[in-house]
Structures are given as C-alpha cells and as structure tokens.
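Here is what each chain is made of, one letter per residue.
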Amino acid sequence: MYDPLHDKTPGCGEVYPNSYWADVSGEAPQDDGIINQDIDVDVAIIGAGYTGLSCALHLAKEHGIKAHVLEANKTAWGCSGRNAGFILKSSGRKPYSTMQKQWGEEVMRDIYDEMCAGVDTVKELISQASDLGIDCQQQAAGYIKVAHKPKMLNELIALAKLQQKMFGYDVEILSQSELRQQYMDDRNAYGAIRYQDGFGLNPLKLAWGYQQLARNAGVKIHTASPVLNWQEEKNGTKNVQQTLHTPKGIVKAKKVVIATNGYTPKGFHSLVTNRTLPVLSQIIVTEPLTDEQIAACNFLTSNVVMDTRALKYYYRKLPDNRLLFGGRGAITGKSADDPYYAKRLLAVLKTSFPALTKIKYQYAWSGWICMALDDLPHIYQSHETNEQSNVFYSMGYCGSGVSFSVQAGKRLAEKVAGINSPNLPLYQKALPKFPLAPLRRVGQWGYFHYGKIKDEYF
Ligand SMILES: Cc1cc2nc3c(=O)[nH]c(=O)nc-3n(C[C@H](O)[C@H](O)[C@H](O)COP(=O)(O)OP(=O)(O)OC[C@H]3O[C@@H](n4cnc5c(N)ncnc54)[C@H](O)[C@@H]3O)c2cc1C
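Here the structure is a predicted model, which is why all the values come from computation and not from measurement.

Chemist: How should I be thinking about the packing of aromatic side chains in this particular structure?
Modeler: Aromatic rings considered in pairs are described by the distance between their centres and by the relative angle of their planes. All chains considered together, the criterion is met by 23 aromatic pairs. Centre to centre, the rings of Tyr 2 and Tyr 263 are 6.1 Å apart; their planes meet at 20°, and the pair counts as stacked. One end of the pair, Tyr 2, is in the segment before α1 (20-24); the other, Tyr 263, is in the loop between β11 (249-258) and β12 (277-286), and 261 residues separate them in sequence. We note that Tyr 2, like Tyr 263, is buried. Seen in terms of ring centroids, Trp 77 and Tyr 263 are 5.6 Å apart; in terms of plane orientation they differ by 70°. Their pairing is edge-to-face. Of this pair, Trp 77 sits in the loop between β2 (68-70) and β3 (86-87) while Tyr 263 sits in the loop between β11 and β12, and the two are 186 residues apart along the sequence.

Chemist: Whenever I open this one, the nonpolar core confuses me. Can you help?
Modeler: When a protein is soluble and globular, its nonpolar side chains tend to lie buried together. With 91 residues, the main nonpolar core has Ile 45, Leu 59 and Leu 206 as its most contacted residues. No other element matches helix α4 (residues 105-131), which puts 10 residues into this core. When residues of this core are assigned to domains, at least three fall in each of domain 1 (20-84 + 204-275 + 373-444) and domain 2 (136-201 + 278-370). Contacts of Leu 59, omitting those with residues within four sequence positions, involve Val 43, Ile 45, Gly 64, Ile 65, Ala 67, Ala 413 and Val 416. Formed by 34 residues, the second largest nonpolar core is a distinct cluster that contains Leu 244, Val 256, Met 371 and Phe 448.

Chemist: Would you mind going over the pattern of salt bridges with me for this structure?
Modeler: Side chains that differ in sign of charge can pair as their charged atoms come close. All told, the structure shown has 13 salt bridges when counted by the stated rule. Arg 93 is the partner of Asp 375 in a salt bridge, and the nearest nitrogen-oxygen pair spans 3.7 Å. Separated by 282 residues along the polypeptide, Asp 375 in the loop between β16 (361-371) and β17 (378-381) and Arg 93 in the loop between β3 and α3 (96-103) bring together distant segments of the chain. Assessed through its relative accessible area of 38%, Arg 93 is described here as partly exposed. When salt bridges with common partners are traced through the structure, they connect Glu 114, Arg 411 and Glu 414 into a single cluster.

Chemist: Got a minute to help me understand the sheet that holds strand β6 (residues 192-195) in this structure?
Modeler: Across a sheet, paired strands are connected by hydrogen bonds in the backbone, their directions being either parallel or antiparallel. The sheet built from eight strands is open, its strands ordered β5-β6-β4-β13-β14-β15-β12-β16 with mixed pairing. The open sheet has two edge strands, β5 (171-174) and β16, and neither has a second partner. The average undirected angle you get between the axes of adjacent strands in this sheet is 20°. Summarising the sheet, strand β4 (residues 143-146) and strand β13 (residues 304-307) pair through four bridges and their orientation is parallel. Each bridged residue has a counterpart across the sheet, and for Ile 144 the counterpart in β13 is Val 305. Against the sheet, helix α5 (residues 150-167) contacts β4, β5 and β6, and its axis sits at roughly 30° relative to β6.

Chemist: Would you mind showing me how to read the site of the ligand here?
Modeler: As a matter of local geometry, the ligand sits amid 37 residues, with Thr 51, Glu 71, Ser 80, Gly 401 and Val 402 nearest to it. Within the side chain of Glu 71, a nitrogen or oxygen atom sits 2.6 Å from an oxygen atom of the ligand. Gly 399 is positioned with one of its backbone polar atoms (N or O) 3.2 Å from a nitrogen atom of the ligand. For the ligand, the accessible surface in isolation is 1000 Å², of which the surrounding protein chains cover 98%. Elements supplying a minimum of two residues to the shell around the ligand: α2 (50-63), β12 and β16. Tallied by class, the residues present in the shell around the ligand amount to 20 nonpolar, 15 polar and two charged. When residues of the shell around the ligand are sorted by domain, at least three fall in each of domain 1 (20-84 + 204-275 + 373-444) and domain 2 (136-201 + 278-370).

Chemist: What exactly am I supposed to notice about the environment of Gln 163 here?
Modeler: With respect to the secondary-structure elements, Gln 163 resides in helix α5. Exposure remark for Gln 163: the relative accessible area of 6% places this residue in the buried category. When the C-alpha atoms of Gln 163 and Tyr 96 are compared, they prove to be 8.6 Å apart, with 67 residues separating the residues in sequence. Apart from residues lying up to four places away in sequence, Gln 163 is in contact with Tyr 96, Gly 168, Tyr 169, Val 171 and Tyr 195.

Chemist: In this structure, what is going on with the domain arrangement of the chain? I would like to understand it.
Modeler: By a widely used convention, the size of an interface equals the accessible area lost when the partners come together. Assigned domains of the chain: these are domain 1 (20-84 + 204-275 + 373-444) and domain 2 (136-201 + 278-370). Measuring from the centre of the C-alpha atoms in domain 1 to the corresponding centre in domain 2 gives 30 Å. Listed by partner, the interface residues are 19 residues for domain 1 and 21 residues for domain 2. Roughly 2000 Å² is buried in total at the junction of domain 1 and domain 2, and carbon and sulfur atoms are behind 63% of that figure.

Chemist: Sorry, what's going on with helix α7 (residues 203-216) here?
Modeler: An α-helix turns once every 3.6 residues. As a result, residues three or four positions apart point the same way. Along its 14 residues, α7 runs 20 Å from first to last C-alpha, staying within 8% of the 20 Å computed at 1.5 Å per residue. Of all 14 residues that make up α7, 11 are buried, and the element is covered over most of its length. Those residues of α7 that sit buried are Pro 203, Leu 204, Lys 205, Leu 206, Ala 207, Trp 208, Gly 209, Tyr 210, Gln 211, Leu 213 and Ala 214. For α7, the N-terminal cap is Asn 202; the gap from its side-chain oxygen to the backbone nitrogen of Leu 204 is 3.0 Å.

Chemist: Explanation requested: empty space enclosed by the protein in the structure shown.
Modeler: One simple way to see leftover space: roll a probe sized like a water molecule over the atoms. Applying the stated criterion across every chain yields a total of two cavities of 30 Å³ or more. As a volume, the largest cavity reaches approximately 80 Å³. Lining the largest cavity are Val 146, His 148, Asp 186, Asn 188, Met 306, Asp 307, Arg 309, Tyr 313, Tyr 315, Phe 325, Val 348 and Ser 352. Of all the elements in the fold, those that place two or more residues in the lining of the largest cavity are β13 and α9 (339-352). Reported here for the second largest cavity is a volume of approximately 40 Å³. Of the residues belonging to the lining of the second largest cavity, the class tally is five nonpolar, two polar and one charged.

Rules used throughout
Throughout, residues of each chain are indexed from 1 in the direction in which the sequence is written. Selection of residues for local features in this predicted model requires a pLDDT of at least 70, selection of side-chain atom pairs for listing and counting requires 80 or more, and totals for whole chains, interfaces and linings are taken over all residues. Hydrogens are left out, water is left out, and the side-chain values use all remaining heavy atoms of the structure. Centres within 6.5 Å are what make two rings of Phe, Tyr or Trp a pair, Trp counting through its six-membered ring; a difference in plane orientation under 30 degrees is then read as stacked, over 60 as edge-to-face, and the rest as tilted. Every helix listed is a DSSP run of H or I at least four residues long, and every strand listed is a run of E at least two residues long, numbered separately from the N terminus. Think of it in three bands: with a 1.4 Å probe and only protein chains considered, a residue is buried below 20% of the maximum accessible area for its type, exposed above 50%, and partly exposed in between. Among buried residues, the Ala, Val, Leu, Ile, Met, Phe, Trp, Tyr and Cys ones that are joined through side-chain atoms within 4.5 Å form a nonpolar core. Where each domain starts and ends comes from a domain assignment, either automatic or drawn from a database. Pairs of residues are marked as contacts when any of their non-hydrogen atoms sit within 4.5 Å. Whenever a carboxyl oxygen of Asp or Glu lies within 4 Å of a side-chain nitrogen of Lys or Arg, that contact is scored as a salt bridge. Two strands make a pair as long as DSSP finds a minimum of two bridges between them. Only the contacting stretch of a helix is used when fitting its axis, a line to C-alpha atoms as for every element, and angles between N-to-C directions run 0 to 180 degrees. Whether a residue is near a molecule or strand depends on its heavy atoms: if one lies within 4 Å, it is near. Whenever two N or O atoms come within 3.5 Å, that pair is a polar contact, provided that in protein one can donate a hydrogen and the other can accept it, and provided that, for residues adjacent in sequence, both atoms are side-chain atoms. We get accessible surface area from the Shrake-Rupley algorithm with a probe of 1.4 Å; when it comes to residues, only the shown protein chains can shield them. Charged residues are taken to be Asp, Glu, Lys and Arg, nonpolar residues to be Ala, Val, Leu, Ile, Met, Phe, Trp, Tyr, Cys and Pro, and polar residues to be all remaining types, Gly included. What counts as buried area is the accessible surface, traced by a 1.4 Å probe, that two parts surrender upon association, with contributions from both included. Here, expected helix span is obtained from the residue count minus one, scaled by 1.5 Å. Both site types are read off a 1 Å grid over the protein atoms alone. A 1.4 Å probe that fits but cannot get out defines a cavity, while an open set with protein on both sides within 12 Å along at least five of seven lines defines a pocket; lining residues have an atom within 4 Å of a point. Grid points are joined across faces, edges and corners, and a volume is the space filled by probe spheres set on the points.

Below, the structure is given as structure tokens:
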C-alpha cells in the first residue's frame, strides 16, 4: 500500500480500495477527467477529499472563484472515501479542558463553535445534495462514548459535566445496565455518556455529493492527475508563480491549496514537510447479523460508538445490519494489507459481543489518518512576507475530520479569497514540526506499546 513517509506519489488513477463503501455506493458520479493539456488557473487545489472539495465549493459559491481540483486517483480515494462515517462535533485530539488551561475560556468556546459549525455545514450540504437525489444513508442521531473500565466512567461523567456547564451541551449519562438494556449489550462496556447529535452516514456518497455540488457551482475536478513535481518561481510581482506538473499537463496557478492531509507524499512541499504523522486506521465490516444475533447482543442502536481506550475502538451497526468495527492498523504501508490486523479487530469485536463467535468479516481496509504534534488541525497560509504566501493548507485532523474538514475547507476558501480567519490557534498557526522527524514511526511504535499497557493495566 502507498506509504506517505516513503513514496513520492499516491499513484495515478488507482481504483478505490476494496471497501464496503466502494461496494455498496454504486457508480461514481462524473468528474472532469484527467488534465491532458497545459492550463493557467487562478486556484489549484491538490486533493479531492472533503477538505479540497469543501474549499472548492465555498470558493465558488461564496467568493466567485472557480478552482481546479487536482486528484491523483479518484474523488475521495483517500480518507474521505474510507472512513467510518461518524459525524461528530470534534476534531483533533486536544481535550477542551487542556484548551481552557492553555488559551482560556473564550478561545476554547470559539473552537467548540467552529466544531459545531462543521456539523451544521455538513447537514446543510447533505440537505442540498438530497435535492439532487444523493443519499448519504444518514442514520439515527446519537454518539455513545463507552467506558472500557469502571473508573473511566467517572472520567466520562466529569467530561459530560464540563461540556454541560461550558457549552450547555446535552449529554446523557448511562450506567452499565442502562447502556446494555437500552442500546447494546457490549460486554467490554462499563457505562457510557451519550450525545444526542452525532450520527453515522456513508462517507463515500457524502464526498460524491460534495463533488456534485462543487461541479454544479462551476468547479473542475480532475482525477488521475497527481501533482508529481512542483516548481515555485518569482514572477516579478509579490507572488510566486506556482507550477504543478501532472503526467499529461502542466498547471500554472496563482494560488495553490494543499488538501492532501494524511496522503501527502514524501517531500511534497517544504511548508508541510515533517509536520504530520500519517497513521493507519483499520476497519472491518462483518457479514449481516441475523435477527437472532441482533437479539442475542441486544443490538438496538445504530448510534455511533467509540470507547475510552488510548488505542480506541469504534463501531456502528450499518443500515443492512452489518457491524462496522475499527481501530488501529499496521504501522507501515508495506504491512497494511496483512490480514493479521483485520483478524485482531474481529477478535476484539467478539470479546464485546460473545454471541457473535461465529461471525466473519467480509470487508477489511485501512487508511492514513493525519496526526499533528499538538493534536490540533491547522488551516494555514504561509506568512505574507514569505515567498510562499500564495500556498495554503489544512491538515492534522487526527482521525476525526469528517465534519470539521468541511468547516476547514470553508475557512481555507476565505483565506484564499483574502478574508481574515478568526483569531484562533486553528487558523493562525502553522503545524508544529515533529522533533526527530525521521524517528516518527519509532515514536508511534512506542506509543502503541504504552497505550496497550495503559488500556490493560491502568
Ligand atoms: C479508517 C478511517 C476511519 C475514519 N473514521 C472517521 C470518522 O468516523 N469520523 C471522522 O470524523 N473522521 C474519520 N476519519 C478521518 C477522516 O476520514 C479524515 O479526517 C478526512 O476524510 C480528511 O479529509 P481530507 O480531504 O483532508 O483528506 P483525504 O480524504 O485523505 O484526501 C486527500 C487526497 O489527496 C490526494 N493526493 C495526495 N497526494 C496527491 C498529489 N500529489 N496529487 C494529487 N492528489 C494527491 C489523495 O489521493 C487523497 O484523495 C477516519 C479515517 C480513516 C482512515
């Protein structure tokens, strides 16, 4: 599998991974095909995931700028077509309590508002897309965060109280028996908190819906058009001429947006080099559960579920009664497709639901999430006085970007259009560099071992 820390390109026109989403979503909608001649454009956006598509859509609709999106493979070939489809009011991994200590209450609240705006924008776009006949298979609302140990329930309750007090957020507390009786009989769960407003959907269809909206607004989306080489030259004005080389055509752009997130190739651009850590997240989808199996697990809910482990597991019941179950995957691209990782997830699923001892998985795939050193996404334009001031990026959602990437794309579009972003660390600061960057994977390996011990013994 493509490995962003080793490979210079994610490929060219690669097919979708063998995922459940690729299997059930039908035909991909039309795009604008390969770049097959040299073109001059105002704005080139590299990467057709949610970030790139949202940026393009908002540029067209709100600022009258019709961008060209350059995608190496297919629309949403990266994380956006492979994720678990959890729509949550969060991104990154930085707890609100830490934000409050570090930046104060106002900044913390403003960041929370940005996360909420992400969910609102997704909902709004879904309702627009629905008019065009695109169904993202939205499921009933509810996000359950389960305590994987009795003591973790206390931490969850403290979190619920903080969110109720700070944001007036409606968070329900569920004892172990309430959870098992009313939602699902997860034997690894010791109680939970439940938010009323998270939900699950089909992530690939969501991206296709965005693509359709963007194309309707005049955006061009070029697939099978990887940027293989990037030159920056002064052209006499303040700005730098950006020249992007794709296999069949050169794109000269006044402004360039990097929307490649966890799929950013090795050495792609100095602005992002050594500032992210791509980490594999793995998903399995089981065969459909029978009515007896559903009853034996008391699986009443299709809410999205995540646990409190350092190395988290997440799951949901899909509309056709299959279970989607996810967690960490391999460390390198080379071992990504080793069935060991899917089997490991299946074994954990069976400890949660012992009635499913005979269940098999029918789909297994993984994708690169994008970790940031400070656990926060960054939407950034290189500084005005810097020669690269016409290059922009948004990345570092830390595995939680389905909803926020859309808000990030909207803010990116504002930056490209020359509008100031809110004065928040998310929008004003560059991604911090990883110290000892060549050893990032060693650090990841160490964290996995630490997490395993913490989750089991502490
Ligand atoms: C298994 C898994 C489960 C997840 N589950 C959830 C979830 O339930 N909820 C949640 O909030 N988040 C989840 N995430 C994270 C979420 O999917 C991402 O945060 C989000 O999709 C990021 O979107 P993006 O557009 O920034 O990047 P991507 O969707 O990764 O898009 C980047 C694109 O850039 C393209 N590209 C790279 N290099 C080049 C180049 N040189 N030229 C042209 N194109 C290039 C790639 O082909 C790719 O299509 C999950 C991620 C994974 C992997």
